[in-house]
Amino acid sequence: MTDTMQTSASIEDIYRSESRRVFATLVRLLGDFDLAEEALQEAFKAAVEQWPRDGIPAQPVAWLVSAGRFKAIDTIRRRARFTSYEDVAEIVDEMAEEAPDQHEHLEDDRLRLIFTCCHPSLAPDAQIALTLREVCGLSTEEIAHAFLTPAPTLAQRIVRAKAKIRDARIPYQVPERDELAVRLHSVLRVIYLVFNEGYSASSGASLTRHDLSQEAIRLARLLLELLPEPDVAGLLALMLLHESRRGARSTADGDLVPLDEQDRSLWNAQYIVEGSALVERAFSSGRIGAYTLQAAISAVHAQAASADATDWQQIVGLYDALLRLEPTPVIELNRAVAVAMHQGPQAGLALVEKLIADGQLQNYHLAYAAQADFHRRLGHVAEARAAYGKALALTQQEPEQRFLNRRLAALPQ
C-alpha cells in the first residue's frame with residue numbers, strides 16, 4: 001500500500017472514530033448544529049487535501065477542530081452580504097477569541113452535546129432522533145428506517161428540535177450538580193429507549209435491530225466514561241446483560257425463542273462478566289436506582305445454568321424493591337411472571353388478571369400473552385385460546401405473531 005493510500009485509510013479511520021468528538025466541539029464554538037456539520041465536512045475535506053502531502057498531524061482531532069473553526073469563519077464572512085456587518089464582525093471576533101488548542105474541552109463537549117440533545121423541553125421522539133443524528137452520527141435515513149418513520153417526517157422532527165434549541169436558547173452545557181439527577185434521568189431514558197427498539201423492535205419483520213442496540217451501548221459507555229454515576233453503570237449493566245442473550249433469542253429463520261428455551265451456551269459470556277461487575281459496582285455505591293435493580297434481575301438469570309436453576313425467589317424480591325422505586329403496571333406484570341415461576345401459574349394468573357381488570361394493561365399484548373401462557377400451563381384451553389387471540393390482535397411484530405400462532409396451534413382441540 002502506498003503512503004497516500006495509507007494516509008487515506010487513516011483519515012477514514014479517524015472520521016469513523018473521532019468525527020462526533022470534533023462535531024461536539026464545533027457545536028460549542030459555533031453555537032449552531034448545521035454550521036458545525038458543514039464545518040466538520042470542510043475540515044475533513046481539508047485533511048484529505050493536505051495530510052497526504054504534509055503528513056498526519058500529531059493531534060489530528062485538535063487540527064480538525066481548528067480547521068473547522070476557520071472554515072466556519074470563512075463561511076460567515078462569505079454570507080456577510082445577507083447580514084449586517086456589525087453582526088458578522090461580532091460573531092467572527094467571538095470565534096477568533098477561542099484558543100486554537102481545544103484538546104482539554106473535547107471530552108466535556110461530547111457530554112454537553114448529549115445533555116443538549118436530551119433536554120427535557122424537547123419532545124421525547126425529538127430527543128431520540130437528535131441524539132442518534134448528532135451524537136451517534138447516524139443518517140436521517142438510517143434513523144427513519146430503524147423506527148419505521150418516513151424519512152421526511154424524521155428530518156422535520158430533527159429540524160424542529162434544532163430550531164427549539166436555538167430559539168429557546170437551550171444552554172449547551174452539562175447541568176449543575178443540583179439539576180444533574182433530573183437531567184441525567186432524561187438522558188438515560190433516551191439511551192434505554194434506543195436500546196429497547198434495537199433489542200425488541202416495536203413492529204416489523206425483525207425481532208431485533210443489532211445496530212440500534214450497539215449504538216445505545218456505545219452511548220452508555222461514553223456517558224459512564226465521562227460521568228461515572230451509579231445510575232449510568234446500572235443502565236450499561238442492564239443493556240449488556242440483555243444483549244448477552246441476542247444470539248439465543250431467535251432461530252436462524254428469525255423465530256422467537258423464549259428465555260426458558262434458549263441455549264445458554266450461546267449467551268455472550270464477556271457481556272455477562274462485564275455487566276455483572278457493573279451491577280456490583282453500582283450496588284457498592286449505596287445509591288441503587290431502577291436501572292441497577294433491573295440489571296440485578298438480569299444478572300440472576302445470567303448466573304443460572306438453566307431456567308429451572310434460576311433463583312426466582314430472589315428475582316421476586318428484586319421486583320418488590322423495583323416497584324417501590326417505579327410502581328408501574330409493566331413492572332407489576334414482570335413481577336407476576338416471576339411469581340408464577342416461583343409459586344406456580346395460578347399465583348401469576350391472579351396477579352395478571354387483576355392488572356388487566358384494573359384497565360392498566362388492557363392494550364398491552366404481553367399482558368395477554370402472559371395470561372394465555374398461565375392458562376395453557378393450567379390446562380385452561382378455551383381461556384388460553386381467547387387470551388392468545390387478544391395478544392395477536394395487539395402485537396405488530398412478525399416474530400411475536402408467529403410465536404403466538406405456534407402456541408395457539410399447539411393447544412388441544
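Residues numbered from 1 in each chain as written. Predicted model: local features only at pLDDT ≥ 70, side-chain atom pairs only at ≥ 80, totals over all residues. Heavy atoms only, no water.

### Digging into the overall build of the protein chain
Here comes step 1: In terms of helices and strands, the protein chain carries 19 helices and 0 strands.
Here comes step 2: Within the protein chain, the proportion of its 413 residues that are buried is 51%.
Here comes step 3: Of all intrachain contacts in the protein chain linking residues separated by at least 6 positions in sequence, the fraction that spans at least 24 positions is 64%.
Here comes step 4: Carbon and sulfur atoms make up 51% of the accessible area of the protein chain, which amounts to about 20,100 Å² in all. (Helix = DSSP H or I, 4+ residues; strand = E, 2+ residues; numbered from the N terminus. Buried < 20%, exposed > 50% of the residue type's maximum accessible area, 1.4 Å probe, protein only. Contact = heavy atoms within 4.5 Å. Areas by Shrake-Rupley, 256 points an atom, 1.4 Å probe, with all protein chains shown as cover.)

### A look at the pattern of salt bridges
Here comes step 1: Under the counting rule described, the total for this entry stands at 24 salt bridges.
Here comes step 2: With a closest N to O distance of 3.5 Å, Glu37 and Arg20 form a salt bridge. Within this pair, whereas Glu37 is found in helix H2 (residues 33-54), its partner Arg20 is found in helix H1 (residues 3-30), the two being separated by 17 residues in sequence.
Here comes step 3: For Arg20, a relative accessible area of 12% gives the class buried.
Here comes step 4: A salt bridge links Glu274 to Arg221, with the shortest nitrogen-to-oxygen separation between them at 2.4 Å. Pair noted here: Glu274 is in helix H12 (residues 269-284) and Arg221 is in helix H10 (residues 210-226), with a separation of 53 residues, a long-range link.
Here comes step 5: Relative accessible area serves as the criterion here: at 24%, Glu274 is assigned to the partly exposed category.
Here comes step 6: Relative accessible area serves as the criterion here: at 33%, Arg221 is assigned to the partly exposed category.
Here comes step 7: Connected via shared salt-bridge partners are Arg20, Asp34, Glu37, Arg133, Glu134 and Lys162. (Salt bridge = Lys/Arg side-chain N within 4 Å of Asp/Glu carboxyl O.)

### Describing the environment of Ala282
Here comes step 1: Structurally, Ala282 is set in helix H12.
Here comes step 2: Under the relative-accessibility criterion, Ala282 is labelled buried at 1%.
Here comes step 3: Beyond its immediate chain neighbours, meaning those up to four positions away, Ala282 contacts Pro230, Ala233, Gly234, Arg287 and Thr292.

### Some remarks on the nonpolar core
Soluble, globular proteins show a tendency: their nonpolar side chains are buried together.
Here comes step 1: Ile191, Leu223 and Met239 are the most contacted members of the largest nonpolar core, which totals 103 residues.
Here comes step 2: Tallying contributions element by element places helix H9 (residues 177-199) first for this core, with 10 residues.
Here comes step 3: With residues up to four places along the chain from it excluded, the contact list for Leu223 reads Leu111, Ile114, Leu184, Val187, Leu188, Ile191, Pro228 and Val232.
Here comes step 4: Counting residues in each nonpolar core, the second largest holds 24 residues, with Ala372, Ala387, Leu392 and Leu404 among its members. (Core = buried A, V, L, I, M, F, W, Y, C linked by side-chain atoms within 4.5 Å.)

### Quick look at the packing of aromatic side chains
Here comes step 1: Under the counting rule described, the total for this entry stands at 5 aromatic pairs.
Here comes step 2: Ring geometry for Tyr15 and Phe44: centres 4.8 Å apart, planes at 75 degrees, overall edge-to-face. Taken together, the positions of Tyr15 in helix H1 and Phe44 in helix H2 put the pair 29 residues apart, joining distant regions of the chain.
Here comes step 3: Judged by relative accessible area, Phe44 falls into the buried class, the value being 6%.
Here comes step 4: Pairwise contacts between aromatic rings join Tyr192, Phe195 and Tyr291 into one cluster.
Here comes step 5: Directly above the aromatic system of Phe23 lies the positively charged group of Arg20, at a separation of 4.4 Å from the ring centroid. (Phe/Tyr/Trp six-rings, centres within 6.5 Å; stacked < 30°, edge-to-face > 60°. Lys NZ or Arg CZ within 6 Å of the ring centre and 35° of its normal.)

### Quick look at the side chain of Ser244
Here comes step 1: Position of Ser244 among the secondary structure elements: in the loop between helix H11 (230-243) and H12.
Here comes step 2: Apart from residues lying up to four places away in sequence, Ser244 is in contact with Leu266, Trp267, Asn268, Tyr271 and Ile272.

### Some points on helix H16 (residues 345-357)
Here comes step 1: In a regular helix each residue adds 1.5 Å, so 13 residues correspond to 18 Å; H16 covers 18 Å between its end C-alpha atoms and thus fits that length.
Here comes step 2: Among all positions of H16, only Pro345, Gly348, Leu349, Val352, Leu355 and Ile356 are buried. Along H16, the residues classed as buried sweep out an arc of 125 degrees about the axis, all on the same side. In H16, the exposed residues that point more than 90 degrees away from the buried face are Lys354 and Ala357.
Here comes step 3: Buried-residue contacts for H16 involve helix H15 (329-343) and helix H17 (365-378).
Here comes step 4: Directly after H16, the chain includes Gly359, whose backbone phi takes a positive value near 80 degrees. (Expected span 1.5 Å × (residues − 1). Arc of directions from axis to C-beta.)

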